[in-house]
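Notes for the structure review
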Amino acid sequence: MTSATEAGVPPAPASPKSRKSVTGTRRTVAVLFLLPALVLLGALVVYPIGYSLVRSFYNQSGDGFAGFDNYKALFTDDGILTALKNNVIWVVFAPTISTALGLIFAVLTERIRWGTAFKLLVFMPMAISMLAAGIIFRLVYDQDPDKGFANAVWVGVHDTFAQSSSFPKAHPGRNSPLVAQGDGFVTKATVHTGGTVTLPLVGVAPDQMPSDAKKAVAPQADPGRITGTTWQDFTRGKGVGTLGGVDPSELGYPGMKIEAVKDGKVVETVKAGDDGTFSFSEKANGAQLRLPASNFREAYNGVDWLGPSLVTPSIIGSYIWMWAGFAMVLIAAGLAGIPRELLEAARVDGASEWQVFRRVTVPLLAPVLAVVVVTLMINVLKIFDLVYIIAPGSSRDDANVLALELYLKGFSEDQPGIASAISVFLLLLVIPVMWFNIRRLRREVRR
C-alpha cells in the first residue's frame, strides 16, 4: 500500500497535548517550572495590589464600606495635598537635573585622561544605601557651621566679603562711661585733644576672644591726639581686678571699630589694635566716641537648609548626588555606541563643538536619555528614605511626599483606608510612565 506521505498528502497535525516548545520542552513541564515564580508573584505583587484596592473602599476600622471617601481625602487633606505638590516638584526637577548632569559628565569624561577615575568617583554614591546617604546629608545640612559642611562653605564665602563681628555679646559693665545708642554704644562725655579715654566692655567668653587679641595696654596721653583703650574688663576670681581699670590678665578688643561723632556726623573712624589701643587726631576734639552696631552684629550662621522653604530642594540635591552617577554610566554606554564618523563629518562640515553636541550627539542619545529619565521618574515617585531621614520634625510636613504620607497614615495615624487609597493612587501615577516606556521599547524592537 502507498503511505499518505508517499502519496503527497501531508501528515495530520500533532495532538495539542503532545505539542512542544521551540526548545523541545512540553508546555506542562514549562508551566511546572514557572509555577513557583508565579505563586511568589501572585503572593507578593498581585495579592497586595488587589487587597489594597479593596481596602481603599473601606473605613478606618475595616468593617464599613466608605465608597470613594478615602479617595476624596486625597484632594482635601492638607498633608496629602502638600505631599502631592512635593511629588510634582520631585518628578519635574530630580530626573531632569540628574540626567542633565549625567549627560555633561559622560561627554566631558571622554575628553580627559583621568575620565575613568572621575566616573568611579561620581558613580560611587550609588554603592551607598538611601539610609546611609540620608544620615550623611542630615549632617551636611546641619545648621551649625562647625558641623554642617554646606554651612561651613557658605559661611566661609560670606565672611570673605562681609566679615562677622568677633564681639556679638559684648556690652558695657557697671559704672561704664558708655551708654546704649541703637544697637551700639556711645560715650556719655565728649573727648578732647591730649586726653585719654577708656571703653571697657564685658560679655565675651574667654574661648570666644579673637586669636589675635593681646594683653590690653592702658592709654598713654599724647598732646596732639586723643588716645584710648577698649578691652575685656573682666578678671576671673571674686574680688580680683580693678573695675574700669586695665588689669594684667585682661585682653584688648582687636579690630573694634570706633567713630568720633560731632553733631550727629562721623568726623573720624579708627580701629583698635591687637592690644585694644586706639588714637584719634585733632578732628575728634569735642566729639563723642561711638562703638557702632557693626561691632556687635551676631555672627553669620549660614542658611537654614532644612527649614520650611529649602528642605525639599535640599533633599532633592542629596538625591541628585546619588543618582547622577547612574545616569552618567548609562549615557556613557550609549555615547560609546555612537558612530564616530558622524561626529567627524559634522566637524568637517564646519560645526562647532556645541553644534555637534546639540544637533548630533543629543539626538542620537535620545533613546538612552528617555530610558534614564523614565527610570528616575518611577524612582522618585516612590521616594521615601531620604525624606524620612533628612527632614527634621519641624519641617517634615513641608517636605512630605506621597510615599511618606502613606507610611504615616498607615502606621502612625492608623488610617489604613486612606493609606491604601494613596498606594492605589501611586500605582495609577506609575502606570502611564511604564506604558510610555513599554511603547518606546516596542518601537526600538521594530527598528
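Refer to the structure printed above.
Residues numbered from 1 in each chain as written. Predicted model: local features only at pLDDT ≥ 70, side-chain atom pairs only at ≥ 80, totals over all residues. Heavy atoms only, no water.

**A word on the side chain of Thr229**
By the secondary structure assignment, Thr229 is in strand 4 (residues 226-232). Note on Thr229: relative accessible area 0%, which makes it buried. Here the side chain of Thr229 touches Val217 through a polar contact of 2.7 Å, landing on its backbone oxygen. With residues up to four places along the chain from it excluded, the contact list for Thr229 reads Val197, Thr198, Leu199, Val217, Ala218, Pro219, Asp275, Gly276, Thr277 and Phe278. (Helix = DSSP H or I, 4+ residues; strand = E, 2+ residues; numbered from the N terminus. Buried < 20%, exposed > 50% of the residue type's maximum accessible area, 1.4 Å probe, protein only. Polar contact = N/O pair within 3.5 Å; in protein donor to acceptor, adjacent residues only side chain to side chain. Contact = heavy atoms within 4.5 Å.)

**Here's the deal with the sheet that holds strand 2 (residues 184-187)**
Sheet architecture is open: five strands sit in the order 1-2-8-5-6, paired in antiparallel fashion. Looking at the sheet topology across the chains shown, the edges are occupied by strand 1 (178-181) and strand 6 (265-271). For this sheet the average axis-to-axis angle between neighbouring strands, irrespective of direction, equals 30°. (Pairing = 2+ DSSP bridges. Axes fitted to C-alpha atoms, helices over the stretch in contact; angles between N-to-C directions.)

**Regarding the sheet that holds strand 3 (residues 196-201)**
Ordered by their spatial adjacency, three strands build an open sheet running 3-4-7, and the pairing between neighbours is mixed. If you trace the sheet from one side to the other, it starts and ends with strand 3 and strand 7 (277-280), each paired once. In this sheet, neighbouring strand axes are inclined to one another by 20° on average, regardless of whether the strands run parallel or antiparallel. Judged from the six bridges that link them, strand 3 and strand 4 form a sheet pairing that is parallel. Each residue of the ladder has a partner; that of Leu199, found in strand 4, is Thr230.

**A few points about the packing of aromatic side chains**
Enumeration according to the criterion identifies 24 aromatic pairs in this entry. Note on Trp90 and Tyr319: the rings are 5.6 Å apart at their centroids and 85° apart in plane angle, and the pair reads as edge-to-face. Here Trp90, found in helix 3 (residues 78-109), pairs with Tyr319, found in helix 7 (residues 311-336); they are 229 residues apart in sequence, far enough to count as distant. Its relative accessible area of 0% is what places Tyr319 among the buried residues. Ring geometry for Phe384 against Tyr407: centres 5.5 Å apart, planes inclined by 65°, an arrangement best described as edge-to-face. Of the two residues, Phe384 is situated in the loop between helix 9 (353-381) and helix 10 (385-390) and Tyr407 in helix 12 (residues 402-412); the sequence distance between them amounts to 23 residues. Of the residues examined, Phe384 reaches a relative accessible area of 22% and is grouped as partly exposed. Using a relative accessible area of 28% as the deciding quantity, one classes Tyr407 as partly exposed. One aromatic cluster is present, formed by Phe57, Tyr58, Phe65, Phe68 and Tyr71 through successive ring pairs. When the ring centre of Tyr388 is taken as origin, the NZ or CZ atom of Arg396, which lies over that ring, is 4.8 Å away. (Phe/Tyr/Trp six-rings, centres within 6.5 Å; stacked < 30°, edge-to-face > 60°. Lys NZ or Arg CZ within 6 Å of the ring centre and 35° of its normal.)

As far as function goes, none of this settles anything; it's purely spatial.
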